[in-house]
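Secondary and tertiary structure notes
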Amino acid sequence: MTQAEIAEIVKKYGKKEGDTGCPAVQIALLSKRIAELTEHLKVHKQDKHSRRGLTLMLGKRKRMLDYLEKTNLAEFRELKKQLKLR
């Protein structure tokens, strides 16, 4: 993921300029990394180390989504719709 892609995600999901601590931004960044790693693992099926990293990222995103759901339900629903998460 390039710096330009990161800046674009921060601009789209952040509440203000350079807002990287917002849960929505962090979830969007994790979702992008998860998508890239999933594509990598489709080609390299035996890459167990990357698979473990993917599992850890999925858990972290799940915890962050749970937090966002508890604290701001409207933002949670909107983010889920935008990122096309189940």
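Please refer to the structure higher up on the page.
Since the structure is predicted, the reported quantities are computational estimates derived from the model, not experimental observations.

Observations regarding the layout of surface pockets
Over the atoms a probe the size of a water molecule is rolled, and this reveals where empty space is left. Quantified by volume, the largest pocket comes out at close to 170 Å³. Lining the largest pocket are Glu5, Glu8, Ile9, Lys12, Tyr13, Ala28, Ser31, Lys32 and Leu83. Of all the elements in the fold, those that place two or more residues in the lining of the largest pocket are α1 (3-13) and α2 (23-43). Top contributing element to the lining of the largest pocket by residue count: α1, with five residues.

Regarding the nonpolar core
With 20 residues, the main nonpolar core has Tyr13, Val25, Ile27 and Leu79 as its most contacted residues. The set of elements that each furnish at least two residues to this core consists of α1, α2, α3 (48-71) and α4 (73-83). Examining the composition of this core, we find that nine residues originate from one element, α2, more than from any other. The contact partners of isoleucine 27, leaving out residues within four places of it in the chain, are Arg61, Met64, Leu65, Leu68, Leu79 and Leu83.

Overview of the pattern of salt bridges
Under the criterion given, the structure shown has five salt bridges. Here glutamate 5 ties to lysine 32 by a salt bridge, and the two come within 3.9 Å at their closest N and O atoms. With glutamate 5 in helix α1 and lysine 32 in helix α2, this residue pair connects regions lying 27 residues apart in the sequence. You can call glutamate 5 partly exposed: its relative accessible area is 29%. Taking the relative accessible area as the measure of exposure, lysine 32 reaches 30% and is therefore partly exposed. For the salt bridge of lysine 32 with glutamate 36, the shortest nitrogen-to-oxygen distance reads 3.9 Å.

Conventions and cut-offs
- Residues numbered from 1 in each chain as written.
- Predicted model: local features only at pLDDT ≥ 70, side-chain atom pairs only at ≥ 80, totals over all residues.
- Heavy atoms only, no water.
- 1 Å grid on protein atoms, 1.4 Å probe; cavity = no way out; pocket = protein on both sides within 12 Å on 5 of 7 lines; lining within 4 Å.
- Points joined across faces, edges and corners; volume = space filled by probe spheres on them.
- Helix = DSSP H or I, 4+ residues; strand = E, 2+ residues; numbered from the N terminus.
- Core = buried A, V, L, I, M, F, W, Y, C linked by side-chain atoms within 4.5 Å.
- Buried < 20%, exposed > 50% of the residue type's maximum accessible area, 1.4 Å probe, protein only.
- Contact = heavy atoms within 4.5 Å.
- Salt bridge = Lys/Arg side-chain N within 4 Å of Asp/Glu carboxyl O.

Structural measurements only, silent on function.
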